[in-house]
Amino acid sequence: MTQQSLWQFIVEQQDKLLIQIVQHLGLTFVSLLLAIVVGVPLGILIARKRLFANPVLGTAGILQTVPSIALLGFMIPAFGIGATPAIVALLIYALLPIIRNTYTGITGVDPAVIEAAKAMGMNRKQLLFKVELPLAMPVIIAGIRTAAVINVGVATLASFVAAGGLGEFIFGGISLNNTNMILAGAIPAALLAIILDQLIAVLQKTGYRRLRKILFIIPLILIVVVGFYVLTSNSGNKLKAGFTPEFMGRQDGDIGLRSVYGLNAKPTIVSDAIMYKAAYDKELDVISGYSTDGRIKAFDLYVLNDDKKIFPPYFAAPIIKTKTLQKFPQLKEVLNLLAGKFNDSVMTDLNYRSDYLHQTPEKIAKDFLRKNGLLKTPRKGSGGTIRIGSKIFGEQYILTEMYKMLLEGYTDYKVETKTGLGGTKICFDALTNDAIDFYPEYTGTGLLVLLKPTESTIKNVSQSAEKTYDYVNSEFKKQYGIEWLKPLGFNNSYALMMRREQSQKLKIKTISDLKNYLDTP
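The structure reproduced in this document is the subject of the present report. Everything quoted here is computed from the prediction, not taken from an experiment.

Right, let's talk about the overall build of the protein for a bit. The helix and strand inventory of the protein stands at 26 helices and ten strands. By principal-axis analysis of the C-alpha atoms, the protein measures approximately 90 × 65 × 45 Å. Taking all 521 residues of the protein together, the buried fraction comes to 51%. Summarising the internal contacts of the protein: among those between residues at least 6 apart in sequence, 78% fall at separations of at least 24.

In terms of nonpolar packing, the biggest core is built from 113 residues, with L338 and F342 touching the most fellow members. Setting aside chain neighbours within four positions, we find F342 in contact with M347, L350, F368, L399, M402, L488, G489 and F490.

Before going further, it helps to examine the packing of aromatic side chains. Throughout the structure, instances matching the rule amount to 20 aromatic pairs. For the ring pair F476 and Y480, a centre distance of 5.3 Å and an interplane angle of 65° mean the geometry is edge-to-face. Of the two residues, F476 and Y480 are both situated in helix 24 (residues 465–480); the distance of four residues between them amounts to about one turn of the helix. Since its relative accessible area comes to 28%, Y480 is described here as partly exposed. One aromatic cluster is present, built from ring pairs that chain together F243, F247, Y290, F311, Y314, F393, Y442 and Y494. Over the face of the ring belonging to Y517 we find K238, whose NZ or CZ atom lies 4.2 Å from the ring centre.

Thresholds, definitions, all that
- Residues numbered from 1 in each chain as written.
- Predicted model: local features only at pLDDT ≥ 70, side-chain atom pairs only at ≥ 80, totals over all residues.
- Heavy atoms only, no water.
- Helix = DSSP H or I, 4+ residues; strand = E, 2+ residues; numbered from the N terminus.
- Buried < 20%, exposed > 50% of the residue type's maximum accessible area, 1.4 Å probe, protein only.
- Contact = heavy atoms within 4.5 Å.
- Core = buried A, V, L, I, M, F, W, Y, C linked by side-chain atoms within 4.5 Å.
- Phe/Tyr/Trp six-rings, centres within 6.5 Å; stacked < 30°, edge-to-face > 60°.
- Lys NZ or Arg CZ within 6 Å of the ring centre and 35° of its normal.

Take a look at the structure:
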């Protein structure tokens with residue numbers, strides 16, 4: 001089978017790509033226009049009242065230094081998910097260059113020109129619109145150009161709050177290690193930034209009088225862009241679904257739901273960090289998730305029965321190269337101390353403490369090890385260094401801390417943790433390239449995402465957890481020189497879930513029930 005080219009991917013995904021481009025433009029235009037409406041008057045104000053200049057510019061500067069993903073996180077409690085928090089965050093990022101350039105442009109007008117205008121009898125309003133703004137306009141538009149380019153780039157993060165845009169492809173590609181998917185989002189985003197920059201550059205060279213006439217068509221442009229954004233964001237389904245970027249590209253995810261169940265949920269792309277709360281707040285009705293996630297209990301969600309079995313067993317176990325086990329002889333025995341110490345309810349409770357009670361992974365890990373008689377005082381760590389990796393969700397952080405404490409207590413090895421490495425492929429590539437020594441993986445993920453066997457093989461080995469484990473362990477040894485250590489005992493499979501109250505009201509208990517409900521007129 002030949003590898004799919006970038007062009008083939010774009011042709012195949014052209015409808016989705018067009019929708020993402022429209023959404024990206026909508027977010028950028030709306031936030032930029034709002035930033036102009038807020039930023040230009042503020043710049044004029046501080047140019048008039050110089051006392052306020054430093055506080056206003058300083059505040060705008062501080063806001064722009066807040067990491068964009070953190071700023072989006074701050075917006076969610078106030079505005080929920082969707083376009084609103086994304087637009088507000090983009091507005092904040094665009095303010096500094098617009099305010100600063102407006103202030104600089106007006107204060108930079110030659111004082112002699114100002115005096116001449118006053119001598120001609122101009123009042124303050126006439127002085128502003130007939131002298132200061134026309135002379136300052138090239139500098140102001142330069143600030144708008146900068147803000148536009150910033151917004152195009154930051155708008156890629158809007159997909160984390162289910163606002164759409166080209167970030168859906170970019171972050172989906174990162175999660176799945178799909179270069180074509182990353183480029184299909186990154187290249188259009190870069191081109192949009194260049195095109196928008198050049199269009200505004202043309203305006204920058206336009207005379208002030210002509211520019212004032214052009215400004216009258218901006219409301220029309222805004223209405224058209226918002227209209228297109230609303231149309232492309234509306235799924236048309238009776239229930240609003242939200243799936244993670246990685247789930248969208250997996251066979252045991254949206255692809256499997258379409259091929260096996262015939263279910264087209266028309267999902268919004270959303271970060272798993274916020275989708276459970278979004279379901280609880282009724283902003284989403286159906287979400288993808290993990291069967292042992294603590295937020296299921298916290299938000300009273302109902303896991304739909306996978307009646308056609310597209311989700312294979314997902315038993316967790318450390319995976320590690322055979323040569324690493326040979327290099328560190330004590331490693332296997334110590335890591336296997338956790339084997340069989342978990343079940344689904346135990347892991348769900350640990351995740352609940354992390355996801356809902358906000359206890360730290362260190363505290364959760366220490367309490368668990370102490371309860372099971374496995375906690376020991378750390379040794380000096382004078383031996384070799386073991387590097388533990390993890391994916392970017394709470395359960396992995398907890399397991400990483402447990403392994404760290406075990407290794408420090410039972411061996412003389414030094415331990416480094418490299419947490420939050422992203423999706424499956426990033427962690428696995430780090431392992432195969434010797435950037436880490438081991439990380440916790442799931443048998444179903446190893447089967448469907450990393451090995452990708454034939455459908456008949458998947459059907460055969462997915463019949464039991466033992467068969468799945470034996471198959472992935474055998475194939476990983478053959479293909480990669482990597483071993484699966486003993487399973488921890490819990491099964492954290494992918495799942496679709498809804499609010500319990502809603503599933504009972506609509507009588508949706510299985511994924512097939514969901515499909516039938518969505519297909520009913």
